[in-house]
Amino acid sequence: MSIGIIGLGYVGLPLAVAFAETGVDVVGLDVQPRKVESIAAGRSHVEDIPDARLAAVQERLKTTTAYADLADVEAVVICVPTPLTPNREPDLGPLRDAGRRLAGVLRAGQLVVLESTTYPGTTREQLLPLLEESGLAAGRDFNLAFSPERVDPGRTDHTLRTTPKILGGLTETCGDRAAALYGQVCDELVRVSTPEAAEMSKLLENIFRSVNIALVNELAMLADRMDIDIWEVVDAAATKPYGFMRFEPGPGMGGHCLPVDPFYLSWRAREFDLTTEFIELAGKVNQQMPYHCVERIVRALNDAGKAVRGARIVLLGVSYKAGVGDVRESPALKLVSLLRDLGADVAYHDEFVPELTGYDLRSEPLPGALEGADMGVIVTAHPGIDWAEIAAMLPALVDLRGVTRNLHVEHVIRL
Ligand SMILES: NC(=O)c1ccc[n+]([C@@H]2O[C@H](COP(=O)([O-])OP(=O)(O)OC[C@H]3O[C@@H](n4cnc5c(N)ncnc54)[C@H](O)[C@@H]3O)[C@@H](O)[C@H]2O)c1
């Protein structure tokens, strides 16, 4: 069996490695030559794929920038980005580009699966016509399906194999072929009747998280005004053995998914005369969080008799979540901008993020980074950090992740 993976990022590279580990020959394609070269040289840019895992499949994982190399594979999985335009509308540029170029080499008998998160209707209305520019008909000459990726970077308790995989084929046979493909790397498959149902199920999952995070964030802002410890409230509520699911407040949502994907659906919904209020409201509340956090920082400095202007503020962690180096949409970026606008001298430490491109900042090693600092701010709670030790080295520490809640240190202020 041979398979092509288009887009070797957080989703595509782990998938390529998983298939190669089962003995499948994989052609991994990306438009970035540097990425392709480094993977070929055994260097992984995805934390969940250590170099050793890559090295072990080197024989079966061929990387390329040429779509022509996909002509002989049996199945092609598309994992390209689906971002928003500056006006926050779906940007299907990478997907359309991949579809168009794939059409140029598409062969009868191939299976094409889209994994990129997108609005219901994309596979049928956008990808299908592009692929049919090849002269081949979907469902007759080639098969087409949508199967959303559920990867959660940094997570180790659930893997690609143990996480049920949803898929929806254009036809029954398309679904059968996609099921046969994914059955090699996933223990449990969940077949739905159409690509649209599969597309929307992924969005429901992400919107569910976004709305619940917004709810707890809104309560965190209220708890702050009411002088109630939100972490104590969440810990207490989470003891309910049924009917409650824990979500953590924080400085705002980041990553490629939650701040972006829900708006694919709200955009699509407008075509059906419906305003998706929950999505918009959740987005609004979550976008507000970095501003609330800056206000918290300003107040904490004020309590210490200091102005923000000229204060040295060290952000601890800048990636959007613990254990990964992904800074896309990270709330830390907003915090850097807002604090700099107020005249702060901002520095950061994050062993996962050596530099913040576009911000003229490099990660400063600990403990040196904390010397002379007026305040530390825990933005991302990376594992393996001794927060008590950090707190002891700083005159003031603002904790936006609740990791100090059992520390009982005077000068720590929590969200
Ligand atoms: N990162 C996650 O945790 C996650 C989880 C679930 C779903 N998704 C979804 O999966 C998709 C991919 O996300 P990602 O995080 O892997 O993105 P990514 O940016 O890490 O990787 C995408 C790769 O596609 C390449 N690419 C762009 N245009 C291309 C083209 N025309 N041809 C070939 N390669 C091209 C890019 O160079 C990049 O290497 C998105 O739709 C995302 O919403 C991501």
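Note: the structure precedes this text.
Residues numbered from 1 in each chain as written. Predicted model: local features only at pLDDT ≥ 70, side-chain atom pairs only at ≥ 80, totals over all residues. Heavy atoms only, no water.

**Here's the deal with the nonpolar core**
Phase 1: Ranked by internal contacts, the top residues of the largest apolar core, which has 44 residues, are Ile313, Leu315, Leu339 and Val377.
Phase 2: With eight residues, the top contributor of residues to this core is helix 10 (residues 277-303).
Phase 3: Leave out the neighbours within four places in its chain, and Ile313 touches Ile297, Leu301, Val308, Leu339, Ala344, Asp345, Val346, Ala347, Met375 and Val377.
Phase 4: In terms of nonpolar packing, the next biggest core, distinct from the first, is built from 38 residues, Val27, Leu95, Ala138 and Tyr264 among them. (Core = buried A, V, L, I, M, F, W, Y, C linked by side-chain atoms within 4.5 Å. Buried < 20%, exposed > 50% of the residue type's maximum accessible area, 1.4 Å probe, protein only. Helix = DSSP H or I, 4+ residues; strand = E, 2+ residues; numbered from the N terminus. Contact = heavy atoms within 4.5 Å.)

**Notes on the sheet that holds strand 15 (residues 412-414)**
Phase 1: Spatially, the five strands line up as an open sheet ordered 10-9-13-14-15, and their pairing is parallel. Of all strands in the sheet, those bounded by a partner on one side alone are strand 10 (345-349) and strand 15. Shown here is a sheet whose adjacent strand axes are inclined to one another by a mean of 20 degrees, direction ignored. (Pairing = 2+ DSSP bridges. Axes fitted to C-alpha atoms, helices over the stretch in contact; angles between N-to-C directions.)

**As for the pairing of strand 10**
Phase 1: Across the five residues that make up strand 10, a large majority, four, are buried.
Phase 2: Judged from the five bridges that link them, strand 9 (residues 312-316) and strand 10 form a sheet pairing that is parallel. Looking at the pairing, Leu316 lines up with His349 of strand 10.

**Some details on the packing of aromatic side chains**
Phase 1: Taken as a whole and assessed by the stated rule, the structure comprises four aromatic pairs.
Phase 2: Look at Tyr119 and Trp267: their rings are 5.1 Å apart centre to centre, the planes differ by 45 degrees, and that puts the pair in the tilted class. Taken together, the residues Tyr119 in the loop between strand 5 (111-114) and helix 5 (122-132) and Trp267 in helix 9 (residues 261-270) connect sequence positions 148 residues apart.
Phase 3: Overall, the relative accessible area of 3% leaves Tyr119 in the buried class.
Phase 4: Residue Trp267 is classed as partly exposed on the basis of its relative accessible area, which comes to 27%.
Phase 5: Taking 5.8 Å as the distance between ring centres and 70 degrees as the angle between the ring planes, the aromatic pair formed by Phe208 and Phe247 counts as edge-to-face. (Phe/Tyr/Trp six-rings, centres within 6.5 Å; stacked < 30°, edge-to-face > 60°.)

**Thoughts on the site of the ligand**
Phase 1: Surrounding the ligand, one finds 29 residues, the nearest of these being Asp30, Lys35, Tyr67, Thr82 and Asp97.
Phase 2: At 2.7 Å, a side-chain N or O of Tyr67 approaches a nitrogen atom of the ligand.
Phase 3: Here the ligand has 830 Å² of accessible area as a free molecule, and 93% of this is covered by the chains.
Phase 4: In terms of residues, the shell around the ligand owes the most to one element, helix 4 (residues 93-103), which gives three residues.
Phase 5: A breakdown of the residues in the shell around the ligand according to their chemical character gives 15 nonpolar, seven polar and seven charged. (Near = heavy atom within 4 Å. Polar contact = N/O pair within 3.5 Å; in protein donor to acceptor, adjacent residues only side chain to side chain. Areas by Shrake-Rupley, 256 points an atom, 1.4 Å probe, with all protein chains shown as cover. Nonpolar A, V, L, I, M, F, W, Y, C, P; charged D, E, K, R; others polar.)

**What about the sheet that holds strand 7 (residues 165-169)?**
Phase 1: The eight strands are arranged 3-2-1-4-5-6-7-8 in an open sheet whose pairing can be described as mixed. Edge positions in the sheet fall to strand 3 (61-64) and strand 8 (189-192), since each of these pairs with one other strand and no more. Taken over all neighbouring pairs, the strand axes of this sheet differ in orientation by 25 degrees on average, direction set aside.
Phase 2: Sheet topology places strand 1 (residues 2-6) next to strand 4 (residues 75-78); four bridges connect them, and they run parallel.

Geometric values such as these leave the question of function open.
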